[in-house]
Amino acid sequence: MPEPSTSGWASGLVRRDALPGLMIAVMLVASIAHGLVPAFPGVIGVLAAWVAGVAVWRRLPARARIQVGAMLGVGLACLGMVAAGGGAVEWSDALGRSLPILTLLAGVAFLRLIYRAEGGGGEDSAAPRGFGAYLRTMFGAHLFGAVINMSALVVFADRLARAAPLARREVVLLGRSYSMVAFYSPFIGGVALALGLVPEVRFPVLVLVGVGLAGIGFVVIAVLGRLEEGASIAEFRGYPFRPESLWLPLALAGAVAAVHWIWPALPVLLVVALLAPLLAAGALAVRLGPAGAARTVGRFALTELPGMSGELTLFLAAGVLGGGLTAVVAAWPSLVPAFPLTPGVALVALAGIVVPAIAGVHPLVSVTALIAVALPASPDPTLLAAVCIIGWGLGATVSPYSGISLVLAARCGISSWVFVRWNAVFCAVMFLAAGAVFAGYGALAR
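Residues numbered from 1 in each chain as written. Predicted model: local features only at pLDDT ≥ 70, side-chain atom pairs only at ≥ 80, totals over all residues. Heavy atoms only, no water.

K.L.:
Go over helix 16 (residues 343-358) with me, naming the residues and quoting the values.
P.N.:
Between its first and last C-alpha, helix 16 extends 23 Å over 16 residues, near the 22 Å set by a 1.5 Å rise per residue. Trailing helix 16 by a residue or two, G360 shows a phi angle of about 105°, which is positive. (Helix = DSSP H or I, 4+ residues; strand = E, 2+ residues; numbered from the N terminus. Expected span 1.5 Å × (residues − 1).)

As structure tokens, this is what we get:
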């Protein structure tokens, strides 16, 4: 497919519909610049994010507008109440609280360009069959989802649908496999939120907890697949996954680990946000040449970055909500009695994220509220972060309005509410497994 002319790409800069993508790109560059050189004004990234948020408002579905509006309303009401009572209000914190998370999500989005250029990691291969193919598809969807986010779910679902329309076993497998990346991957919104809002998290320990639970999840998925599908699992047509395509997640993970080891003071979110676009641009430059890579990256920024409008507005609103709740707790600490975050309390808090998700409340709302009310008691930050990310993953599995459910439901023409029933057993087993992980963590922390 021929590349468009440079003049055609440049003319897109002045189009009205290019504004959100341009502002998200400015947010990304400005936020990274501020993180590397604190003297660079951080307000530039904040302003760009809010301009983009306003610009994409009309693109949001009604349900998303309601959730975003509710979070903004409650957050602003809390901030106004504190200000009226003479308390200290950090407006800059509330407006820019989610900026590190949004910067990471914008940076990771560029990795789709590599995956797309390589044809999705196996488009030309024959689809394998049987339980082995079931397991390879499970691991493939998980590994690529851990790096390129929801794009992997879309690619795997579309590829599996080539042989036959997606059935229950395909959509359940993909949804469960992908949901577990939220247990540990810093490229996913839940982990990014926890790392951004909970100070002093021991990231290696958090990853160890999440990977351990994901390992349990693989066993649970495999066992449930056998029990739910029986002999028909032998007819499963899997994704043509090529081991050599693992270079992308391995390269990025290695680069992040190396930079974090050399410069441990740099936040993990900043490292990922910086390296992901650089890796994408470098890989495209090798394939297309510098000029072709520049055109592809520029076109992607203008036309496809606005696709993260839902995440953008949700996280901006969550920042206001979190800032408002934090201000209220700081002004009137007696409203929230201090409580120790024991393994038992952690399990109750986990239920407080998962159960509302079933009713359609985005895990982002519950996680933001939990962090705001729990931090004043100085809990173990790593355990608190673990509760948040596990709740995010399990909530996304059973929520009818999560991105996972909506993407898969749209591709097989079913109601997203069926995922509440289809994944109830999986979620219940993983909830108990999380309780065991919390208990083990509590024993080691003593």
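K.L.:
Residue-level account of the side chain of T103, with values.
P.N.:
Here T103 lies in helix 6 (residues 99-109). According to the relative accessible area criterion, T103 is buried, its value standing at 4%. Excluding anything up to four places from it in sequence, T103 contacts M27, L28, S31, I32 and A273. (Buried < 20%, exposed > 50% of the residue type's maximum accessible area, 1.4 Å probe, protein only. Contact = heavy atoms within 4.5 Å.)

K.L.:
An account of a nonpolar patch on the surface is requested, with residue identities and associated values reported.
P.N.:
Taken together, L36, V37, F40, V43, I44 and L47 make up a surface patch of nonpolar side chains, about 500 Å² in accessible area. A total of three residues in the nonpolar patch trace back to one element, the largest contributor, which is helix 3 (residues 43-55). Residue position: I44 is located in helix 3. Using a relative accessible area of 34% as the deciding quantity, one classes I44 as partly exposed. (Patch = residues over 30% accessible without salt bridge, like charges linked within 9 Å, V, L, I, M, F, W, Y side chains within 5 Å. Areas by Shrake-Rupley, 256 points an atom, 1.4 Å probe, with all protein chains shown as cover. Salt bridge = Lys/Arg side-chain N within 4 Å of Asp/Glu carboxyl O.)

K.L.:
So, the packing of helix 2 (residues 19-36) against helix 3: which residues are in play, and what are the values?
P.N.:
Across the interface, helix 2 lies against helix 3 with an axial gap of 8 Å and an inter-helix angle of 160°. On the basis of the axis angle, helix 2 is roughly antiparallel to helix 3. Considering the relative orientation of helix 2 and helix 3, their crossing is left-handed. Contacts from L19, P20, M23, I24, V26, M27, A30 and S31 in helix 2 reach I44, G45, A48, A49, V51, A52 and A55 in helix 3. Residues belonging to the contact of helix 2 with helix 3 are distributed by class as follows: 13 nonpolar, two polar and no charged. (Axes fitted to C-alpha atoms, helices over the stretch in contact; angles between N-to-C directions. Parallel < 35°, antiparallel > 145°, perpendicular 65-115°, else oblique. Left-handed = near helix turned anticlockwise from the far one by under 90°. Nonpolar A, V, L, I, M, F, W, Y, C, P; charged D, E, K, R; others polar.)

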